[in-house]
Amino acid sequence: MNVSLVKDLSVYQLVMGVQVPPKPLSLSPATLLSLVRAQIDLLIEQQIAATLWVKLPPDKIWQSELARYQSSVGASSFIYTCQIEESGRTKAGKENILSPRSSSSSHHVSIHLPADSQLRRENFLMVLSPQFCSLILAYRPLKKRKNQTSGKVNSNKNQPLLIITTVEGRIIQQVLDGIQKAMSDDKPLEFGSDAFNVANAGLTQSTETAFAQRPVEKTATPSPPDVYARQSSPILPASFICPTVPQAALMNQLLAKQLLRQDEINRQIITLRATKLQQQNQELHNKEQLKDEYLKNACQELRTPLTHMKTALSLLNSPNLKPPQRQRYLQMLNTQCDQQNSLITGLLELLELERDLERTALEPVRLSDIVPGVVSTYQTVAQEKGIILTYTVPNELPSVWCVSGGLRQIVINMLHNSIKFTPNGGQVWVRARIQGDYVQLEFRDTGIGIAENEIPKIFDRFYRVRTAATEDYGGAGLGLTIVEQLLLRSGGSISVKSKLYEGSTFTVQLASVGDTPRA
C-alpha cells in the first residue's frame, strides 16, 4: 500500500515549534541506533501492538529492527515507512527486508516523499499505542560546521546528529497534527483500500482492551486534561488517546534497556577501535621491519664497492707492481667509485620519491611528447653497441595520467635497462598502443633475458641481474623499483615476460585521461 504527502513537512520543525521544546543533544549515529534498539526491545518484551511511523536509513542494520518487531508482534502492528524518491525510485533502492511471513501489505504503508523533502535530513521512529507513545528524532544540520582551529570541515559521515527523544503527549500530538495536515491538506483522506480499516480496527480493539483493564477510565466522559485525544484522523482511530506520560514501570524498563543497548554499542566501538589500533600497530611494525631491512641492504651494497676500492689501493702500494697491473687496479678503482656514486644517487632518488610521491599530483601527459625525445637521447648509446633502437608511438593516442615528470623517468629507466642488458648487435623496440581503458607502452629487447625463478625479484630494491658468477652489469638495482613506485601512484602497472638468453618484454600500462586512475 503506497501513499504520498500532499504537503512537505519537517518533524524536527514540528517538535521545535511546541511551547517549551525539548533540547536536542549532539550525539553519534551509534547512539541513535542504541535508542532505536532499546525502543524495539521494550515493544517486543511487553508485546505492545503499536502503530509505527518510521524514517530510518536504508541500511540493513536499521531495517532489521523493524523486521524484528514485526516478526514478534505480528499482524497486530502497523507501520508507516517514509521513503525519499529519487528519479522515480525510493532512496532505499534496496530489497525490503520486512518478511512477508511476519507481515502483510495491508499492515505496511509506504509514504513517498519528494527528493527535496525537508525529511531528507531527518530520521525518526514514532511509536503510537494506548500503553506507550514515544518519539525518537535525529536531524542532520544543513550547513557543515567548520573547525575553527584546523580549518577542516566535518564530513556528513562523521558529523554529529541533533537527537531528540521524548514521551510527552503534547509533542507527539503536535507531530501527529502536522502529519495529518501534510497527508490530507485538511480534507478527509481516502486510501482506496480496506487495509487502513483493518489496521485501525486492530488498533481500536487494542485501545478498547487496554482501557477495559483500567476501570477508572471506563466511563464515557470527556478526556481528562492529562491526555491528548484525536477527534478524527485518517492516520489513527478516533478513539485513540495519546497519554501525556507513559506508566512509570514502562519508563523504568525503557531506561534500563537504553543503558544496556548503549553499553553494547560502546563495547562494540571499543572492540572496533582496539582492532583498528592493532592493525595500525602491525602496519607500523611491518614498516619498521622494512626500514631495517632496507638500511641493512643499503649498508651492504655501499660496503661492497668500498671493499673493492680498499683492495685495489692495497695492491697499488706493491713495489713490484707492473704498469699493466697498475692500470688494471686504477680501472677497478674508477669502476667502484662509479658504482658507489650510482648507489648513493639511486638511494637519494628513491628516498625523495617515497617522501614526495603521495603529495605529487597526477597530470595528463602524451606519450608522443615524451618517448621520441628519450629514444633520441639513447640512440648514440645504442649505436655504440651496434643495437638497433626503434619506436612506434601513434600521435592519436590519448593522454595518460602520471605523476609530474614520472613518465619521462619511467621511459629512461626502462630504455636504460633494455640497452644495458642487450648484447652488441641486438635490437630494442618501444611500442605504444591502446589496450581497453589503458594505454600500453611495451619495451622489448633481444637481451640476456631473465630466469623464470628470478622474475619475482627484479622489482626488489638493489636486485641486479647476474647471468654468471663473475658477470655483474653494475648499477644500483633501483631502476625497476622506482618505475614500479611511479606506476602504483599513477594508477598503472607493469608486467614482464622473459626467456633466458632470448630477451625480455616489459609492458607498462597507464590509465587514459578518459578514465579515473586507480591509484
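Computed from a predicted structure; not experimentally measured. Residue positions are given per chain, counting from 1 as you read along its sequence in written order. Per-residue local features of the predicted model are confined to residues with pLDDT of at least 70, and side-chain atom pairs are confined, for both listing and counting, to 80 or more; whole-chain, interface and lining totals are unaffected and use all residues. Heavy atoms from the whole structure form the basis of all side-chain values; hydrogens and water molecules are not counted.

### Comments concerning the overall build of the protein chain
From N to C terminus, the protein chain includes 10 helices and 18 strands. Exposure classes here rest on a 1.4 Å probe applied to the protein chains alone. A residue is buried below 20% of its type maximum, exposed above 50%, and partly exposed in between. For the protein chain, with 519 residues in total, the buried portion stands at 44%. Relative to all contacts within the protein chain whose residues are 6 or more apart in sequence, the contacts with residues 24 or more apart total 76%. Computed with a 1.4 Å probe, the accessible areas rest on the Shrake-Rupley method; for each residue, only the protein chains presented here act as cover. Put simply, the protein chain shows about 28,500 Å² of open surface, and 52% of that area lies on carbon and sulfur atoms. Segments assigned H or I by DSSP are reported as helices when at least four residues long, segments assigned E as strands when at least two residues long, and all are numbered from the N terminus. Note on contacts: a residue pair is in contact if any heavy atoms of the two residues lie within 4.5 Å.

### So, the packing of helix α7 (residues 323–356) against helix α10 (residues 479–490)
Helix axes are fitted to C-alpha atoms over the stretch in contact, other axes to C-alpha atoms as well, and angles between N-to-C directions run from 0 to 180 degrees. At a closest axis distance of 11 Å, the pairing of α7 and α10 adopts a crossing angle of 15°. Looking at the two axes, α7 sits roughly parallel to α10. Of the two elements, α7 crosses α10, and the hand of that crossing is left-handed. Contacts between α7 and α10 pair Glu-349, Leu-350 and Leu-353 from the former with Thr-481, Ile-482, Gln-485 and Leu-486 from the latter. Note that Gly is not counted as nonpolar here; it falls among the polar residues with everything else outside the nonpolar set of Ala, Val, Leu, Ile, Met, Phe, Trp, Tyr, Cys and Pro and the charged set of Asp, Glu, Lys and Arg. Of the residues contributing to the contact of α7 with α10, the split by class is 4 nonpolar, 2 polar and 1 charged. Convention used here: angles under 35 degrees read as roughly parallel, angles over 145 as roughly antiparallel, angles from 65 to 115 as roughly perpendicular, and any remaining angle as oblique. Should the near helix be turned anticlockwise from the far one by less than a right angle, the crossing is termed left-handed; should it be turned clockwise, right-handed.

### Structural notes on a nonpolar patch on the surface
Each patch groups residues whose relative accessible area exceeds 30% and which form no salt bridge, using 9 Å between like charges and 5 Å between nonpolar side chains of Val, Leu, Ile, Met, Phe, Trp and Tyr. Salt bridges are defined as contacts in which a side-chain nitrogen from Lys or Arg sits within 4 Å of a carboxyl oxygen from Asp or Glu. Taken together, the side chains of Ile-344, Leu-348 and Leu-351 present a nonpolar region at the surface, about 270 Å² in accessible area. By the secondary structure assignment, Leu-348 is in helix α7.

### Comments concerning helix α2 (residues 29–45)
Helix span, as expected, comes to 1.5 Å for every residue beyond the first. Here α2 is 17 residues long and its end C-alpha atoms lie 24 Å apart, about the 24 Å a rise of 1.5 Å per residue gives. When you tally the buried positions in α2, you get 14 out of 17 residues, the bulk of the element.

### Concerning the pattern of salt bridges
Scanning the entire structure with this criterion turns up 11 salt bridges. A salt bridge links Arg-68 to Glu-65; its shortest N-O distance comes to 2.6 Å. With Arg-68 and Glu-65 both in helix α3 (residues 60–73), this residue pair falls 3 residues apart, about one helical turn. Judged by relative accessible area, Arg-68 falls into the partly exposed class, the value being 27%. For Glu-168, the salt bridge identified is with Arg-170, shortest N-O distance 2.8 Å. A relative accessible area of 32% means that Glu-168 is categorised as partly exposed. Classification of Arg-170 by relative accessible area gives partly exposed; the value is 24%.

### Concerning the packing of helix α8 (residues 367–384) against helix α9 (residues 406–420)
At their nearest, the axes of α8 and α9 sit 10 Å apart, and the two run at 30° to each other. On the basis of their axis angle, the class for α8 and α9 is roughly parallel. With respect to the hand of their crossing, α8 and α9 are arranged in right-handed fashion. From α8, Leu-367, Ile-370, Val-371, Val-374, Val-375, Tyr-378, Val-381 and Ala-382 reach across to α9, where they touch Leu-407, Arg-408, Val-411, Ile-412, Leu-415, His-416 and Ile-419. Of the residues belonging to the contact of α8 with α9, the class tally is 13 nonpolar, 1 polar and 1 charged.

### What to know about the environment of His-107
Along the polypeptide, His-107 turns up in the loop between β5 (89–90) and β6 (108–113). Taking the relative accessible area as the measure of exposure, His-107 reaches 10% and is therefore buried.

### Re the side chain of Glu-122
Within the fold, Glu-122 resides in strand β7 (residues 122–128). None of His or the chain ends enter the tally, which takes Lys and Arg as positive and Asp and Glu as negative. Although Glu-122 is buried, it makes no salt bridge; Lys-55 carries the closest opposite charge, 7.6 Å away. Contacts described as polar in this section are N or O atom pairs within 3.5 Å, which, within protein, must combine one atom able to donate a hydrogen with one able to accept it, while residues neighboring in sequence count only if both atoms come from side chains. One polar contact links the side chain of Glu-122 to the main-chain amide nitrogen of Tyr-12, over a distance of 3.2 Å. Other than its neighbours up to four places away in sequence, Glu-122 contacts Ser-10, Val-11, Tyr-12, Lys-55, Leu-137, Ala-138 and Tyr-139.

### Observations regarding the packing of aromatic side chains
We call Phe, Tyr and Trp rings a pair once their centres come within 6.5 Å, taking the six-membered ring for Trp, and we label the pair stacked below 30 degrees between planes, edge-to-face above 60, and tilted otherwise. Under the criterion given, the structure shown has 3 aromatic pairs. Aromatic side chains Tyr-12 and Tyr-139 sit 4.3 Å apart centroid to centroid with 10° between the ring planes, which places their arrangement in the stacked category. In this pair, Tyr-12 sits in helix α1 (residues 11–16) while Tyr-139 sits in strand β8 (residues 134–139), placing the two residues 127 residues apart along the sequence. In this structure, Tyr-12 and Tyr-139 share a single accessibility class: buried. With a centroid separation of 4.1 Å and 5° between ring planes, the pair formed by Trp-53 and Tyr-80 is classed as stacked. Residue Trp-53 is located in strand β3 (residues 51–55), and its partner Tyr-80 is located in strand β4 (residues 78–86); the two are separated by 27 residues in the primary sequence. With a relative accessible area of 1%, Trp-53 lands in the buried category. Under the relative-accessibility criterion, Tyr-80 is labelled buried at 0%. Grouped by ring-pair contacts, the aromatic residues Trp-53, Phe-78 and Tyr-80 constitute a single cluster. The ring centre of Tyr-329 lies 5.4 Å from the NZ or CZ of Arg-328, which sits over that ring. Here, a charge over a ring is recorded when the distance from Lys NZ or Arg CZ to the ring centre is within 6 Å and its angle to the ring normal is within 35 degrees.

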